[in-house]
Amino acid sequence: MWVTVKYEKMQTNNFDAIVIGSGMSGGWAAKELTEKGLKTLVLERGRQVEHLKDYPTTNMAPWEFKFRKQLTKETKEEYPIQKNVYAFNEATKHFWASDKKHPYTHPENKPFRWLKAFQTGGKSLLWYRQSYRLSEIDFEANAKDGYGVDWPVRYKDIAPWYDYVENYIGVSGSNEGLRQLPDGKFLPPMEMNCVEKYFKDSIKENFDGRVMTIGRTAHVTVRHNNRGPCMHRNMCETGCPFSAYFSSVSVTLPAAQLTGNMTFKPYSIVHSIIFDEKQGKATGVRVIDAQTKETTEYYAKIVFLCASTLPSTQILLNSTSSRFPNGIGNSSGMIGHHLMDHYYVGITATVDGFEDGYYNGHRPNGIYIPRFENVDTKNPDFVRGYGFQGSAFREGWSRGTKVEGLGAVFKEEMSKPGPWIMDLGAYGECLPYYDNKVELHPELKDEWGIPLLHISCELHENEHKIIKASTEKGVEMMEEAGFKNIVPGDPKDWIFGDGIHEMGTARMGRDPKTSVLNQWNACHDVPNLFITDGSFMTSSGCQNPSLTYMAFTARAANYAVEELKKGNF
Amino acid sequence: MKRREVLKKSAITVAGIGVLPNLFMLLEGCGPERLTNYQPVFLSVAQYDTVWQIAELILPKTDSPGADDAAVAPYIDLLFAEFFGDEDIIKYVAGLNSFMANCEERFGTSFVELDENNQIAYLQELDKDEDEESFFKALKGFILWGYFTSEPGMKSMNYVPVPGKFEGCISIDKQEKIIVGNR
């Protein structure tokens with residue numbers, strides 16, 4: 001939809017603002033800054049992906065793939081890490097980064113799966129689109145229980161920005177009036193199916209304080225801002241021809257392009273941020289052309305770092321100067337520490353009955369049971385909490401390997417919906433631990449000469465207690481509902497990184513000695529350098545975080561423009 | 001891995017029922033009249049015809065398409081040729097050879113030449129086996145996969161690639177097919 005401005009045609013290397021990254025956060029920074037009139041350079045390390053045009057598989061049926069979307073040997077070799085993701089298949093692999101080209105290291109006893117999307121739009125093309133607000137409970141948590149530093153922000157500060165983002169992107173959901181999961185500005189909710197409705201009622205009847213609601217998801221269920229409505233194909237990760245789910249490719253980048261103020265440059269790997277000692281500010285970035293490996297410098301009055309948590313950390317640590325020998329903005333020494341993710345454990349059960357109940361369409365969404373522990377009561381075993389996502393569905397033909405039968409009747413049976421299954425997954429909050437960290441590898445470098453990341457993380461006692469408690473509580477709710485064959489998954493199936501919610505490596509805080517960013521997402525040390533991807537998160541909550549990244553990005557961009565207008569940068 | 005290598009390896013792996021490649025080629029020349037014209041890429045004609053026959057018995061043509069209409073056996077031949085890793089190839093070739101040899105031993109004839117009642121009885125017996133890892137269960141899975149993800153197989157269900165609306169709770173009768181899309 002928008003035109004790439006080729007480097008040859010660029011008139012200047014000077015801009016009002018530079019945005020590093022074009023995904024969930026970068027797209028929002030681009031939109032806000034350009035709409036406020038700033039000439040903005042958006043740098044994307046990967047290729048360009050244009051809305052509609054670059055969704056090659058979005059209308060393909062399974063039989064059009066050689067192995068019906070199952071991964072070929074070549075794909076498995078190219079993507080040994082990425083291939084483990086639920087959203088990775090032959091129809092989506094082109095939106096995931098090659099593991100061969102983008103290696104990283106971790107200690108042998110601390111596995112880490114870095115799931116990454118290095119192209120225009122980043123993971124905003126691939127996300128599961130669940131959109132939940134953090135609550136006052138989350139913003140107060142660190143201060144109250146002493147883990148991590150206090151957020152320099154409270155819910156009232158960010159609430160109007162949640163409103164703003166939700167109104168713009170379109171989030172469908174249902175308001176529940178819960179203090180642990182604030183209501184929002186929602187488009188009509190998607191419907192639960194028969195078993196989910198039954199389960200919701202069972203939970204309400206049997207468990208005080210527990211609520212099941214439909215997933216809050218960044219899909220426009222009705223026509224909204226010239227997008228959608230959702231056609232319920234559940235093919236989202238291939239790119240949506242109806243623009244029905246939010247991605248930066250379909251929504252924020254076209255909006256930025258429309259202003260005429262955006263210069264978009266793909267294949268631009270940021271090597272480092274330039275720091276000017278005299279001015280005490282970031283003055284630009286050093287860029288390596290991903291294809292030619294040529295290097296260029298670009299300059300601007302403000303820099304937004306939105307490359308996603310791990311790459312942003314890499315850029316910060318690689319931006320050394322005599323003022324910042326350990327990386328720009330790192331006088332606290334905190335950059336790279338306190339890496340968090342969301343961990344989960346699944347529980348599956350069979351559901352008797354409901355044989356005459358079915359659903360029509362392929363809902364790209366599930367149900368949500370917001371946190372209920374440590375809200376009004378205190379669990380003595382652990383701090384923080386967890387929420388459940390899940391869905392009920394009728395089994396398909398693949399059950400045919402588990403049941404006896406062959407011949408005409410068997411074929412007929414297998415083409416009909418099978419018994420109901422209820423899946424629940426508990427997603428837990430991860431505390432910010434100094435030891436969970438990412439650093440630059442002392443020797444190994446990538447093909448562009450940038451040091452590889454060495455990632456070292458593990459869950460601690462509080463997380464293990466949450467896993468145990470959440471599994472028990474999930475099983476208990478399913479038992480109470482009369483579900484059968486309740487089987488909890490193995491928590492070891494989850495590997496750090498699998499939540500694809502890596503965050504926290506450049507945390508916000510009140511004290512420059514113990515945190516990297518102030519309450520406006522600006523570096524304590526470098527006032528015109530803003531970091532608004534997951535790295536800013538001071539705590540993780542247990543909610544899916546993208547909506548929070550978007551809200552903080554919009555808020556920071558508006559603050560940056562105001563300050564710029566006041567002549568403060 | 002080349003087919004001949006596999007045949008050699010599986011001949012060693014499954015003692016007593018392995019067939020040497022040259023002997024195999026010889027046998028192919030004087031088999032029964034084939035029910036399919038497809039020339040397999042990886043499997044021998046005898047192996048392929050066995051797979052074809054099993055697929056037909058599991059998913060026969062009725063008023064809806066059968067395994068042959070959905071080209072299930074060629075798909076399985078392709079899985080052997082390009083999809084399976086070496087370990088799986090060895091395992092499944094051995095499994096298929098055992099299946100064939102056991103049939104010969106028991107009924108004194110190849111599976112494809114066996115009368116249909118005995119073919120079905122033989123398959124039903126294997127189907128009852130509680131070993132989820134058995135070769136027959138794996139093959140049954142490939143047959144279901146090949147059929148229900150093919151165009152005729154998907155369209156034999158209620159194929160709705162662009163549903164438009166979503167209705168969470170509808171009533172259906174016992175004849176209703178799976179509503180399936182492109183995901």
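Residues numbered from 1 in each chain as written. Chains lettered and ligands numbered in written order. Predicted model: local features only at pLDDT ≥ 70, side-chain atom pairs only at ≥ 80, totals over all residues.

Undergrad: Any details on the overall build of chain B? Residues and values, ideally.
TA: What chain B contains, in helices and strands, is eight helices and three strands. Ordered by position from the N terminus, the helices and strands of chain B form the series α-α-α-α-α-α-α-α-β-β-β. Per-residue burial over chain B gives 37% buried out of 183 residues. By sequence separation, contacts in chain B at least 24 residues apart represent 56% of the contacts at least 6 residues apart. (Helix = DSSP H or I, 4+ residues; strand = E, 2+ residues; numbered from the N terminus. Buried ≥ 20, exposed ≤ 12 C-beta atoms within 10 Å, placed from the backbone. Contact = placed C-beta atoms within 7 Å.)

Undergrad: Now, about the overall build of chain A: what can you tell me, with residues and values included?
TA: Helix and strand counts for chain A come out as 10 helices and 18 strands. Rg of the C-alpha trace for chain A: 23 Å, near the compact-globule value of 25 Å for 569 residues, within the 12% margin. Counting across all 569 residues of chain A, residues that qualify as buried make up 55%. Within chain A, counting contacts between residues at least 6 apart in sequence, those at least 24 apart form 73% of the total. (Rg over C-alpha atoms; globule rule 2.2 N^0.38 Å.)

Undergrad: Quick one: what's the story with the domain arrangement of chain A, residue by residue and with numbers?
TA: Frequently, the measure chosen for interface size is the accessible area that the parts lose on association. Residues and elements named next belong to chain A. What the domain assignment lists for chain A is domain 1 (9-128 + 248-340 + 432-457 + 502-569) and domain 2 (190-245 + 343-428 + 459-495). Taken together, the contact between domain 1 and domain 2 spans 16 residues of the former and 15 residues of the latter. Residue composition of the side of domain 1 that touches domain 2, by class: 10 nonpolar, five polar and one charged. (Domains from an automatic or database assignment. Nonpolar A, V, L, I, M, F, W, Y, C, P; charged D, E, K, R; others polar.)

Undergrad: Any details on helix α4 (residues 72-83) of chain B? Residues and values, ideally.
TA: Listed in full, the buried residues belonging to α4 of chain B are Val-72, Ala-73, Pro-74, Tyr-75, Ile-76, Asp-77 and Phe-80 of chain B. In the core, the buried residues of α4 of chain B are packed alongside α3 (45-58), α5 (86-107) and α7 (135-148) of chain B.

Undergrad: Describe in detail the environment of Ile-169 of chain A, supporting the description with residues and values.
TA: All names here are of chain A. As for its placement among the helices and strands, Ile-169 is situated in helix α4 (residues 155-169). Residues Ile-169 and Phe-246, 77 residues apart in the sequence, show an inter-C-alpha distance of 6.1 Å. When residues no more than four places from it in sequence are discounted, the contact partners of Ile-169 are Ala-218, Phe-246 and Val-251.

Undergrad: So what's going on with the nonpolar core? Residues and values would help.
TA: Of all hydrophobic cores here, the largest spans 155 residues; its most connected members are Ile-18, Val-19 and Ile-20 of chain A. Ranked by the residues each element gives to this core, the list is headed by helix α10 (residues 546-565) of chain A, at 10 residues. In this structure, this core is formed jointly by two domains, domain 1 (9-128 + 248-340 + 432-457 + 502-569) and domain 2 (190-245 + 343-428 + 459-495) of chain A, each of which donates at least three residues. The contacts of Val-19 of chain A, once residues within four sequence positions are left out, are Gly-26, Ala-29, Ala-30, Leu-33, Thr-40, Val-42, Leu-43, Phe-304 and Cys-306 of chain A. Core analysis: the second largest hydrophobic core is formed by 48 residues, Trp-63 of chain A together with Trp-52, Met-100 and Tyr-122 of chain B among them. (Core = buried A, V, L, I, M, F, W, Y, C linked by C-beta atoms within 7 Å.)

Undergrad: Account for the confidence of the model for chain B, naming residues and giving values.
TA: On average, residues of chain B carry a pLDDT of 87, and 83% of them reach 70 or more. Note that residues 10-29 of chain B has pLDDT below 50 and, in this model, 29 contacts with residues that lie over four places away or in other chains. (pLDDT = per-residue confidence, 0-100.)

Undergrad: Run through the confidence of the model for chain A, naming residues and quoting values.
TA: Averaged over chain A, the pLDDT score is 96; the fraction of residues at 70 or greater is 98%. The low-confidence segment residues 1-8 of chain A, where pLDDT is below 50, has 15 contacts with residues more than four positions distant or belonging to other chains.

Undergrad: So what's going on with the sheet that holds strand β13 (residues 386-394) of chain A? Residues and values would help.
TA: Residues and elements named next belong to chain A. Read from one edge of the open sheet, six strands run β5-β12-β13-β14-β10-β17, paired in antiparallel fashion. The sheet terminates laterally at β5 (213-214) and β17 (484-488), the two strands that pair on one side only. For strand β10 (residues 343-351) and strand β14 (residues 420-428), the ladder comprises nine bridges, and the chain directions are antiparallel. Across the sheet, Val-351 pairs through a bridge with Trp-420, a residue of β14. Across the sheet, helix α5 (residues 194-206) is in contact with β10, β12 (367-369), β13 and β14; its angle to β13 comes to roughly 140 degrees. (Pairing = 2+ DSSP bridges. Axes fitted to C-alpha atoms, helices over the stretch in contact; angles between N-to-C directions.)

Undergrad: So what's going on with the environment of Phe-324 of chain A? Which residues, and what values?
TA: Residue and element names in this part refer to chain A. Mapping Phe-324 onto the fold places it in the loop between α7 (309-318) and β10. Accessibility expressed as a C-beta count within 10 Å gives 20 for Phe-324, which makes it buried. Residues Phe-324 and Asp-525 lie 201 residues apart in sequence; the distance between their C-alpha atoms is 9.5 Å. Those residues within four positions of Phe-324 in sequence are excluded, and the remaining contacts are Phe-275, Gly-329 and Asn-330.

Undergrad: Please set out unusual backbone geometry residue by residue, giving values where relevant.
TA: Residue and element names in this part refer to chain A. In this structure, Pro-229 follows Gly-228 across a cis peptide bond, with omega equal to 0 degrees. Here Pro-229 shows up in the loop between β5 and α6 (248-258). In this structure, His-338 is a non-glycine residue whose phi angle is positive, near 65 degrees. Tracing the chain through its elements places His-338 in the loop between α7 and β10. Residue classification places His-338 among the buried residues on the basis of 29 C-beta atoms within 10 Å. Look at Phe-354: it is not a glycine, yet its phi comes out positive at around 60 degrees. C-beta crowding within 10 Å serves as the criterion here: with 16 such atoms nearby, Phe-354 is assigned to the partly exposed category.

Undergrad: Which residues make up the interface of chain B and chain A, and what values go with them?
TA: Taken together, the 41 residues of chain B in the interface contact 42 residues of chain A. Of all the secondary-structure elements, those providing two or more residues to the side of chain B that touches chain A are α3, α6 (116-128), α7, α8 (151-155) and β2 (167-171) of chain B. A per-class count over the side of chain B that touches chain A returns 19 nonpolar, 12 polar and 10 charged. Pairing of strand β11 (residues 357-360) of chain A with β2 of chain B, which is carried by three bridges, proceeds in the antiparallel orientation. When the sheet's bridge partners are listed, Tyr-358 of chain A is paired in β2 of chain B with Ile-170 of chain B.

Undergrad: Account for the pairing of β13 of chain A, naming residues and giving values.
TA: Residue and element names in this part refer to chain A. With seven of nine residues buried, β13 lies mostly within the body of the structure. When β13 meets β14, the two strands line up antiparallel, connected through nine bridges. Counted as the bridge partner of Phe-388 is Ala-426 from β14.

Undergrad: Quick one: what's the story with the packing of α4 of chain B against α7 of chain B, residue by residue and with numbers?
TA: Residue and element names in this part refer to chain B. Between α4 and α7, the shortest axis-to-axis distance is 9 Å and the interhelical angle comes to 115 degrees. Where α4 crosses over α7, the two elements pack in a sense that is right-handed. The segment α4 lies against α7, with Val-72, Tyr-75, Ile-76 and Leu-79 engaging Phe-142, Ile-143, Gly-146 and Tyr-147. Of the residues contributing to the contact of α4 with α7, the split by class is seven nonpolar, one polar and no charged. (Left-handed = near helix turned anticlockwise from the far one by under 90°.)

Undergrad: Got a sec to walk through the packing of α4 of chain A against α10 of chain A? Specific residues and values, please.
TA: All names here are of chain A. Here α4 crosses α10 at 105 degrees, and the two axes come no closer than 8 Å. Considering the angle they form, α4 stands roughly perpendicular to α10. Seen from α4, the contacting residues are Ile-158, Trp-161, Tyr-162, Tyr-164 and Val-165; seen from α10, they are Leu-547, Met-550, Ala-551, Phe-552, Ala-554 and Arg-555. Here the contact of α4 with α10 is built from residues that sort into 10 nonpolar, no polar and one charged. (Parallel < 35°, antiparallel > 145°, perpendicular 65-115°, else oblique.)

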